[in-house]
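# A closer look at the structure
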Amino acid sequence: MEIQRDIFLKLERWRADKVRKPLLMTGARQIGKTWVMETFGRRNFEYCVKFDFDRQPELRAAFINSKEPDRILRELSTYSSMPIIAGKTLIIFDEIQECEEALNCLKYFCEDAPQYHVIAAGSLLGVAVKKKRMAVPVGKVTLMRLYPLSFAEFLRADDKNAFEYVKTQINAPSRIPEPMLNRLLLSYRRYMVSGGMPEPAVAMIENLGITEVDTRLKNILDLYELDFSKYAEGKDIPRIRAVWHSLPSQLGKENRKFIYNVIRSGARSKDYEDALMWLEDAGMIHRVHNISKPGMPLSAYSQPDYFKVYAADCGQLRRLANLPGSVITDPLPNYTEFKGAMAENAVLQSFFPLMDGAPLYYWSPGSTAEIEFVVQWGTEVIPVEVKAGANLGGRSLSVYNNKYAPRHRIRLSTQNLQYNGGLLSCPLPLAQLCPLLLGL
């Protein structure tokens, strides 16, 4: 089954851009970059040619022998059964981290051959660039990040009628009919079980069973473990593995704050900072820093030593924690703190595609209050409270409101949609619609 990805709209705009640059696609392993590039090529071009530098290391010679795009393409054409015609052929450079010369040559495609449509991607590209000290031609490429499936993308394939209802009927914060809300919440629970990595998500959508979903998630996690050994420095491997496996324990705490002692007694930040950066560069985790106050810009008030660490995908987090999928669909009484962590991780996934690369923050002035996310959309700074269920107890949002009086506040939960006195109460499945519902 093919799941429609929202990134295709961005790729179509890139294709039509008159001042187009080569595109460099980033994103975690197994997130579907190759499939997206090939599908986009098949749908939008007469021809699509892919050059994989991992499977075809001999391709590197074309870039060593010349820096001229026309000459490079003449040599590469001997490896392809399809013609390379400007405007008609999409040229894909896959696993480009295996050929530094090809990465550097994107500059010359930008300057000397803009008539060609070139997309490049690679596994753990951020990690490889740092490890090999490779130079990315900044200013000469368009960077585009592929994230895990958002819930909206999952819903489009899982319940088409519910997706169409959201798309056509929900454009203001008015109450949703209960049967439709229940359908949305059902799909949302299914999404939290599988996460947004394409293979497990497809297994869930096709109703292949939780065993198959878990098998596909485990295969991805096993591949990540192998990547630690393949791409990381020897001294960093055990630390990267230790940080990665500490995520369930870190997020299982009530305040979620990342604590080095959870990894190992006596652990210090300087011992594990490189490991955290490696996982960030690999697209496997996201750090959310605390802010001292919600001022503009939020980055000016970030506190670098206080942060939470979430997985890039809620399905991976669930599998990493060995949490049975049935607990998501039918929660047990002792499923409390981690239930909140799963909800927050899923909200983070919904927000990141909206942020255009900007980071998320949280606000916690002490033990009296905590706001899970603080986002900056345009000129507004908005607090976002996340409740995993229908219980809206807690005073954190009131403390924040009394102190800073924001124009808008957001509370995400399983309750119905409404807007009252600046507070948008929004069902968790509709988190991605929050800017639209607030008119931002």
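Look above for the structure.
Below or above, wherever it landed, is the structure these notes cover. In this text the structure is predicted, and so the values were computed from the model without any measurement.

A separate point is helix H8 (residues 160-169). Burial in H8 covers these residues: Ala-162, Phe-163 and Val-166. Down the axis of H8, the smallest arc covering the buried residues is 105 degrees, so these residues share one side. Away from the buried face of H8 by more than 90 degrees, exposed residues Lys-160 and Asn-161 are located. Residues of H8 that are buried sit in contact with helix H7 (151-158) and helix H9 (178-194).

Another aspect to go through is the nonpolar core. If you look at the biggest cluster of nonpolar residues, it comprises 113 residues, and the most contacted ones within it are Leu-11, Trp-244, Trp-278 and Leu-412. For this core, the leading source of residues is helix H17 (residues 337-355), giving ten residues. In contact with Trp-244, not counting residues within four places along its chain, are Leu-221, Tyr-224, Glu-225, Phe-228, Leu-279, Met-284, Ile-285, Gln-316 and Leu-320. In this structure, Ala-102, Tyr-116, Ala-120 and Val-141 belong to the second largest nonpolar core, which totals 28 residues.

Turning next to the packing of helix H12 (residues 237-252) against helix H14 (residues 269-281). Viewed as axis vectors pointing N to C, H12 and H14 meet at an angle of 70 degrees, and their least axial separation amounts to 9 Å. The angle between the axes of H12 and H14 places the two elements in the roughly perpendicular class. On H14, the residues touching Arg-239, Ile-240, Ala-242, Val-243 and Trp-244 of H12 are Asp-271, Tyr-272, Ala-275, Leu-276, Trp-278 and Leu-279.

Residue placement: Asp-52 occurs in strand S2 (residues 47-52). From its side chain, Asp-52 meets the backbone nitrogen of Asp-54 in a polar contact 2.9 Å long. A polar side-chain atom of Asp-52 sits 3.1 Å from the main-chain amide nitrogen of Arg-55. Non-local contacts of Asp-52, meaning those with residues more than four positions away in its chain, are made with Leu-59, Asp-94 and Glu-95.

Looking now at the packing of helix H1 (residues 7-16) against helix H2 (residues 33-44). Relative orientation of the contacting elements H1 and H2 amounts to 55 degrees, with a least axis distance of 11 Å. Viewed along their axes, H1 and H2 adopt a mutual orientation that is oblique. The chirality of how H1 crosses H2 is right-handed. Together, Ile-7, Phe-8, Leu-11, Glu-12, Trp-14 and Arg-15 of H1 and Trp-35, Val-36, Thr-39, Phe-40, Arg-43 and Asn-44 of H2 make up the contact between the two elements.

Sheet architecture is open: five strands sit in the order S2-S3-S4-S1-S5, paired in parallel fashion. Edge positions in the open sheet fall to S2 and strand S5 (142-145), since each of these has one partner strand only. Adjacent strand axes in the sheet meet at a mean angle of 20 degrees when their direction is disregarded. Sheet analysis places strand S1 (residues 23-26) next to strand S4 (residues 117-121), joined by three bridges and oriented parallel. Following the sheet pairing, Met-25 is matched in S4 by Ala-121. Sitting on the sheet, helix H5 (residues 100-112) is in contact with S1, strand S3 (89-94) and S4, with an inclination near 160 degrees to S4.

This part covers the sheet that holds strand S13 (residues 423-427). Strand order in the open sheet made by the eight strands is S7-S6-S8-S9-S10-S11-S13-S12, with mixed pairing throughout. Of all the strands in the sheet, the pair left with one neighbour each is strand S7 (302-311) and strand S12 (418-420). The sheet shows a mean angle of 30 degrees between the axes of neighbouring strands, taken without regard to direction. As defined by bridge partners, S12 adjoins S13 across three bridges and the pair is classed as antiparallel. Paired with Asn-420 across the bridge in S13 is Leu-423. Sheet contacts for H17: strand S6 (285-291), S7, strand S9 (371-377), strand S10 (380-386) and strand S11 (409-413); angle to S9, the most-contacted strand, approximately 5 degrees.

Here the focus is the side chain of Ser-187. Considering the arrangement of structural elements, one finds Ser-187 in helix H9. A relative accessible area of 3% means that Ser-187 is categorised as buried. In this structure Ser-187 touches Phe-151, Phe-154, Leu-155, Asp-158 and Asp-159, once residues within four positions along its chain are discounted.

With that out of the way, let us pick up the pattern of salt bridges. In this structure the tally under the stated criterion is 23 salt bridges. Here Glu-2 and Arg-42 are joined by a salt bridge, their closest N and O atoms 2.9 Å apart. With Glu-2 in the segment before H1 and Arg-42 in helix H2, the pair connects residues that are 40 residues apart, well separated along the chain. Between Asp-222 and Lys-218 there is a salt bridge whose closest N-O contact spans 2.9 Å. A residue pair is termed a helical-turn pair when its members lie 3 or 4 positions apart in one helix, as Asp-222 and Lys-218 do in helix H11 (residues 210-231) at four residues. Classification of Asp-222 by relative accessible area gives partly exposed; the value is 35%. Owing to a relative accessible area of 39%, Lys-218 belongs among the partly exposed residues under this scheme. What you see here is one network of salt bridges that share partners, running through Glu-2, Arg-42 and Arg-43.

Rules used throughout
- Residues numbered from 1 in each chain as written.
- Predicted model: local features only at pLDDT ≥ 70, side-chain atom pairs only at ≥ 80, totals over all residues.
- Heavy atoms only, no water.
- Buried < 20%, exposed > 50% of the residue type's maximum accessible area, 1.4 Å probe, protein only.
- Helix = DSSP H or I, 4+ residues; strand = E, 2+ residues; numbered from the N terminus.
- Arc of directions from axis to C-beta.
- Contact = heavy atoms within 4.5 Å.
- Core = buried A, V, L, I, M, F, W, Y, C linked by side-chain atoms within 4.5 Å.
- Axes fitted to C-alpha atoms, helices over the stretch in contact; angles between N-to-C directions.
- Parallel < 35°, antiparallel > 145°, perpendicular 65-115°, else oblique.
- Polar contact = N/O pair within 3.5 Å; in protein donor to acceptor, adjacent residues only side chain to side chain.
- Left-handed = near helix turned anticlockwise from the far one by under 90°.
- Pairing = 2+ DSSP bridges.
- Salt bridge = Lys/Arg side-chain N within 4 Å of Asp/Glu carboxyl O.

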